[in-house]
Amino acid sequence: MAGPTAPGASGAPGAPGIERPADRTALRPAVAAAVSTRRGVELALLAFAAVITTGALALVEANQEQELSWALLYLGAAYLGLLAAAHLAVRKFAPYADPLVLPVAALLNGLGLVMIHRVDLARIARAASLGNEEPTQEALRQVGWTAIGLVFFVGVLALVPDHRTISRYGYTAGFVGLVLLALPAVLPASLSEVNGARIWIRIGPASIQPGEFAKILFVVFFASFLVVKRDLFTTAGKRFLGMTFPRPRDLGPLLVAWGVAMAVLVFESDLGTSLMFFGIVLVMLYIATERISWVIIGLTIFGAGAFAAWTFVSRVQVRVSVWLDPFADYNGRGYQVSQGLFGLATGGMGGTGLGAGRPELVPFASTDFIFTSLGEELGLVGIAALLMLYCVLATRAMRSALAVRDTFGKLLAAGLGFAIAWQVFVVVGGVINLIPNTGITAPFVSYGGSSLVANYALVALVLRVSNAARQPAVEKRPGAVSGPQQAPLAPLAEASTEMVSRDQVRTPPQGERQTAAGPADRAPRGRTRGE
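In this text, all values refer to a predicted model and were calculated from it rather than measured experimentally.

## A look at the overall build of the chain
Consideration 1: Helix and strand counts for the chain stand at 18 helices and eight strands.
Consideration 2: Counting across all 531 residues of the chain, residues that qualify as buried make up 47%.
Consideration 3: Looking at the chain alone, contacts between residues at least 24 apart form 70% of all its contacts between residues at least 6 apart.
Consideration 4: Carbon together with sulfur atoms contributes 65% to the accessible area of the chain, which is approximately 25500 Å² in total.

Next up, the structure:
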């Protein structure tokens, strides 16, 4: 049965013949679902993450024969309070943002906190057995860094009301990123070098890793740059093997990025940041141009540069030799990788259980090699679940990139999502000896303030793009006055097609030209949100 006819629905008051449902929302559940902010789902998932974190802390305490106290409950409540504050900020500043992104990041952060606390207990027990002073608990510091990271998270949401505004500062972001990346190389080794890699800035007891922030700034820069200069990279060149390769004079930006990556590798001895930086450049180039030739050229010149670095840089030679055979120098340079592999083998499929392993036997068990600690006590099943959380986080960012309308937002969200996935690959590949160990930290999981703060800022930018992608538009009907009474529509990616029917359609005789007519004389057609 046809619905009631809305007067004036065709654009003229009282125009007959066009049927419209009285309640659009009732007949379009997809629109009603799209308008929902789903913030309640986000809050429930955040509470679930806090429960898992608190329960895991209790398991660690129980398996370590520690006395269970109300302190664990207080810690869980404090953690939930921090996440609730972040949730309120999202509800206020980005109400239509993806409801899965923040809970996934929070759960990763919580699981990392559990393992850091586990390593703390082992270090305290070892110090007590040796009669040494009790070491500082890194878990308490990590909670403090979580609070600071969430402050940055809220700050980004509040100060960036529209992600498109930061495209105006693309070149500034690129310049600041270069400064942050180069600063450890020009500082004295006493202020920047840790374990042979010059990637830190240390001022008294405080230290930061500027490469974590430079990663985000470079994504902003390349997203802005590729929007403006896209024609430069899509200009037709010569075809070879079924692919269109760029002209030699158009390779300048790629060669500059390659030079920066090689400089980081040579002067800072930081293979991880070099891989991160150049990988992000290549993927964003591919997303902007859809040409695999850019990736082939980039991998070729990076491989040549890496081979030259392996030939002349001693630290790169050490990393490669340990990668090829970590057991050749088991008690020396290969000790960390070997112990990590032994820990993963000990964990097996199901793990030893939280608090029942010996992750402290691996150097840097709470930072660079925290995945081996988790693998030993959670097993292959636990590590697979952890990697699935990272996949969800990266794919939700990619989904926002597909749904958002503007090109800058697409490149920004895709670059940020790939940055997370690529960093996890580099970290996990290093600890399982798939690639040479790089020494960078796992996002949200490893102990470290710089990584945690930078990644919460990254998540805030992803939520900002997601909010723009999921935020419903307001239907603008002909002759309607703009205001709150207008019906919200689903985002373009989720909107359905509306068919406008007519009781009687006048078909002109064959050969007769249809002249300009009123709305009642026009042929019916499908109408979508984008028209």
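Structure shown, so let's carry the discussion forward.
## Quick look at the packing of helix H12 (residues 271-289) against helix H17 (residues 407-431)
Consideration 1: For the pair H12 and H17, interaxial distance at closest approach is 10 Å and the crossing angle is 140°. As summarised for this structure, H12 and H17 are arranged oblique, according to the angle between their axes. In this structure, the crossing between H12 and H17 has a hand that is right-handed. From H12, Leu 275, Met 276, Gly 279, Ile 280, Val 283, Met 284, Ile 287 and Ala 288 reach across to H17, where they touch Leu 411, Ala 414, Gly 415, Phe 418, Ala 419, Trp 422 and Gln 423.
Consideration 2: Its residues placed into classes, the contact of H12 with H17 shows twelve nonpolar, three polar and no charged.

## Comments concerning the nonpolar core
Consideration 1: Counting residues in hydrophobic clusters, the biggest one holds 124 residues, and the most contacted among them are Leu 108, Phe 153, Leu 254, Phe 371, Tyr 390 and Leu 412.
Consideration 2: In contact with Phe 153, other than residues within four places in its own chain, are Ala 86, Val 90, Leu 102, Tyr 456, Val 459, Ala 460 and Leu 463.

## Observations concerning the side chain of Ser 451
Consideration 1: Its place among the elements puts Ser 451 in helix H18 (residues 449-470).
Consideration 2: Of the residues examined, Ser 451 reaches a relative accessible area of 5% and is grouped as buried.
Consideration 3: Not counting residues up to four positions away in its chain, the partners in contact with Ser 451 are Glu 212, Thr 441, Ala 442 and Pro 443.

## Description of the pattern of salt bridges
Consideration 1: What the rule picks out here adds up to seven salt bridges.
Consideration 2: Residue Arg 396 pairs with Asp 98 through a salt bridge whose shortest N-O separation is 2.7 Å. With Arg 396 in helix H16 (residues 370-403) and Asp 98 in the loop between helix H4 (70-93) and helix H5 (101-130), the pair connects residues that are 298 residues apart, well separated along the chain. For the pair Arg 396 and Asp 98, a shared accessibility class is recorded, and that class is buried.

## A few points about helix H6 (residues 138-159)
Since the α-helix packs 3.6 residues into each turn, any two residues three or four apart lie on the same face.
Consideration 1: With 22 residues, H6 extends 31 Å between its outermost C-alpha atoms, agreeing within 8% with the 32 Å of an ideal straight helix rising 1.5 Å per residue.
Consideration 2: Along H6, the residues that are buried comprise Glu 138, Ala 139, Gln 142, Thr 146, Gly 149, Leu 150, Phe 153, Val 156 and Leu 157. One face of H6 carries all of its buried residues, which in axial projection span an arc of 125°. What points out from H6, more than 90 degrees from its buried face, is the exposed set Leu 140, Val 151 and Leu 159.

## Some remarks on the packing of aromatic side chains
Consideration 1: Tallied over the entire structure, the rule returns 16 aromatic pairs.
Consideration 2: Taken together, a centroid distance of 5.6 Å and an interplanar angle of 45° make the contact between Phe 307 and Trp 310 tilted. Separated by three residues within a single helix, Phe 307 and Trp 310 lie in helix H13 (residues 292-312), roughly one turn from each other.
Consideration 3: Overall, the relative accessible area of 54% leaves Phe 307 in the exposed class.
Consideration 4: Overall, the relative accessible area of 37% leaves Trp 310 in the partly exposed class.
Consideration 5: Through successive ring pairs, a cluster of aromatic residues spans Tyr 171, Phe 218, Phe 221, Phe 222, Phe 225 and Phe 277.

## A look at the environment of Ile 280
Consideration 1: Structurally, Ile 280 is set in helix H12.
Consideration 2: On the basis of relative accessible area, Ile 280 is assigned to the buried category, the value being 4%.
Consideration 3: Between the alpha carbons of Ile 280 and Lys 215 there is a distance of 8.6 Å; along the sequence they are 65 residues apart.
Consideration 4: Apart from the residues within four sequence positions on either side, Ile 280 is in contact with Lys 215, Val 219, Phe 418 and Ala 419.

## Considerations on the side chain of Asn 437
Consideration 1: On the secondary structure map, Asn 437 appears in the loop between H17 and H18.
Consideration 2: Residue classification places Asn 437 among the buried residues on the basis of a relative accessible area of 12%.
Consideration 3: Apart from residues lying up to four places away in sequence, Asn 437 is in contact with Arg 319, Gln 336, Phe 369 and Gly 430.

## Remarks on a nonpolar patch on the surface
Consideration 1: Residues Tyr 286, Ile 287, Ile 292 and Ile 296 make up a contiguous nonpolar surface patch of roughly 310 Å² in combined accessible area.
Consideration 2: Breaking the nonpolar patch down by element, the ones donating at least two residues are H12 and H13.
Consideration 3: With respect to the element layout, Tyr 286 can be found in helix H12.

## Some remarks on the confidence of the model for the chain
Consideration 1: Per-chain confidence: the chain averages 80 in pLDDT, with 80% of residues scoring 70 or above.
Consideration 2: Confidence over residues 1-34 falls short of pLDDT 50; this stretch has 46 contacts with residues more than four positions distant or in other chains.
Consideration 3: In the predicted structure, residues 475-531 sits below a pLDDT of 50 and forms 77 contacts with residues beyond four places in sequence or in another chain.

## Examining the packing of H6 against H18
Consideration 1: One way to put it is that H6 packs onto H18 with a least axis distance of 8 Å and a crossing angle of 30°. Judged on the interaxial angle alone, H18 and H6 are roughly parallel. As for how H6 packs across H18, the hand of that crossing is right-handed. Judged by residue contacts, Gln 142, Trp 145, Thr 146, Ile 148, Gly 149, Leu 150, Phe 152, Phe 153, Val 156 and Leu 157 of H6 engage Gly 449, Leu 452, Val 453, Tyr 456, Ala 457, Val 459, Ala 460, Leu 461, Leu 463 and Arg 464 from H18.
Consideration 2: For the contact of H6 with H18, the class distribution of residues is 15 nonpolar, four polar and one charged.

## A word on the environment of Ser 224
Consideration 1: Its location among the elements puts Ser 224 in helix H9 (residues 210-228).
Consideration 2: Remark: the alpha-carbon pair of Ser 224 and Leu 412, spanning 188 residues in sequence, is separated by 8.3 Å.
Consideration 3: Setting aside residues no more than four positions away along its own chain, Ser 224 makes contact with Ser 167, Gly 170 and Phe 408.

## Observations regarding the environment of Arg 230
Consideration 1: Along the chain, the position of Arg 230 falls in helix H10 (residues 230-234).
Consideration 2: Residues Arg 230 and Leu 285 lie 55 residues apart in sequence; the distance between their C-alpha atoms is 9.1 Å.

Cut-offs used in this document
- Residues numbered from 1 in each chain as written.
- Predicted model: local features only at pLDDT ≥ 70, side-chain atom pairs only at ≥ 80, totals over all residues.
- Heavy atoms only, no water.
- Helix = DSSP H or I, 4+ residues; strand = E, 2+ residues; numbered from the N terminus.
- Buried < 20%, exposed > 50% of the residue type's maximum accessible area, 1.4 Å probe, protein only.
- Contact = heavy atoms within 4.5 Å.
- Areas by Shrake-Rupley, 256 points an atom, 1.4 Å probe, with all protein chains shown as cover.
- Axes fitted to C-alpha atoms, helices over the stretch in contact; angles between N-to-C directions.
- Parallel < 35°, antiparallel > 145°, perpendicular 65-115°, else oblique.
- Left-handed = near helix turned anticlockwise from the far one by under 90°.
- Nonpolar A, V, L, I, M, F, W, Y, C, P; charged D, E, K, R; others polar.
- Core = buried A, V, L, I, M, F, W, Y, C linked by side-chain atoms within 4.5 Å.
- Salt bridge = Lys/Arg side-chain N within 4 Å of Asp/Glu carboxyl O.
- Expected span 1.5 Å × (residues − 1).
- Arc of directions from axis to C-beta.
- Phe/Tyr/Trp six-rings, centres within 6.5 Å; stacked < 30°, edge-to-face > 60°.
- Patch = residues over 30% accessible without salt bridge, like charges linked within 9 Å, V, L, I, M, F, W, Y side chains within 5 Å.
- pLDDT = per-residue confidence, 0-100.

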